[in-house]
Amino acid sequence: MSEKKKKLDTMCGLPKDVKGDLLDAFREAVRKPRFYCERCHRVARKKRHLCKPVRLREKGKSSR
Ligand SMILES: [Zn+2]
């Protein structure tokens, strides 16, 4: 067991108890969410933080 470094993997796999560095990373990742997890209903700025990311609709920019 060498799990010293706490880094943010996915929003989806977050433990209930989030604090310290992980909390900082979490806050950073959800500050301006661009993606949404279709499976877990969470948001994040980077899609790699989600297990099933879909792009959030951008306001004022309609592709259709
Ligand atoms: Zn997910």
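Look up: the structure comes first, before these words.
Since we're looking at a predicted model, the values are computed, not measured. (Residues numbered from 1 in each chain as written. Predicted model: local features only at pLDDT ≥ 70, side-chain atom pairs only at ≥ 80, totals over all residues.)

> Just give me the short version of the nonpolar core, but keep the residues and values in it.
Leu8, Met11, Ala29, Phe35, Ala44 and Leu50 together form the largest nonpolar core, which totals 6 residues. Contacts of Ala44, omitting those with residues within four sequence positions, involve Met11, Ala29, Val30, Pro33, Phe35, His49 and Leu50. (Core = buried A, V, L, I, M, F, W, Y, C linked by C-beta atoms within 7 Å. Buried ≥ 20, exposed ≤ 12 C-beta atoms within 10 Å, placed from the backbone. Contact = placed C-beta atoms within 7 Å.)

> Report on the sheet that holds strand β1 (residues 35-37), specifying residues and quantitative values.
Strands in a sheet are paired, the pairing made by backbone hydrogen bonds, and the direction either parallel or antiparallel. Overall, antiparallel pairing links the 3 strands, which are arranged β2-β1-β3 in an open sheet. The sheet terminates laterally at β2 (43-44) and β3 (53-55), the two strands that pair on one side only. One ladder, built from 2 bridges, connects β1 with β2; its direction is antiparallel. In the strand pairing of β2, Tyr36 is matched with Val43. (Pairing = 2+ DSSP bridges. Helix = DSSP H or I, 4+ residues; strand = E, 2+ residues; numbered from the N terminus.)

> Describe the environment of Arg39, and please don't skip the residues or the numbers.
Looking at where Arg39 falls in the secondary structure, it is placed in the loop between β1 and β2. Overall, the presence of 12 C-beta atoms within 10 Å leaves Arg39 in the exposed class. Placed 12 residues apart in sequence, Arg39 and Cys51 show a C-alpha to C-alpha distance of 7.4 Å. Apart from the residues lying within four places of it in its own chain, the contact partners of Arg39 are Cys51 and Lys52.

> A description of unusual backbone geometry should follow, citing residues and the corresponding values.
Notably, His41 is not glycine yet its phi reads approximately 60°, a positive angle. Given 9 C-beta atoms within 10 Å, His41 falls into the exposed group.

> Break down the environment of Pro33 for me, citing the residues and quoting the values.
For Pro33, the position within the fold is in the loop between α1 (21-30) and β1. Judged by C-beta crowding, with 16 C-beta atoms within 10 Å, Pro33 ranks as partly exposed. Taking C-alpha positions, Pro33 is 9.4 Å from Lys47, a pair spaced 14 residues apart along the chain.

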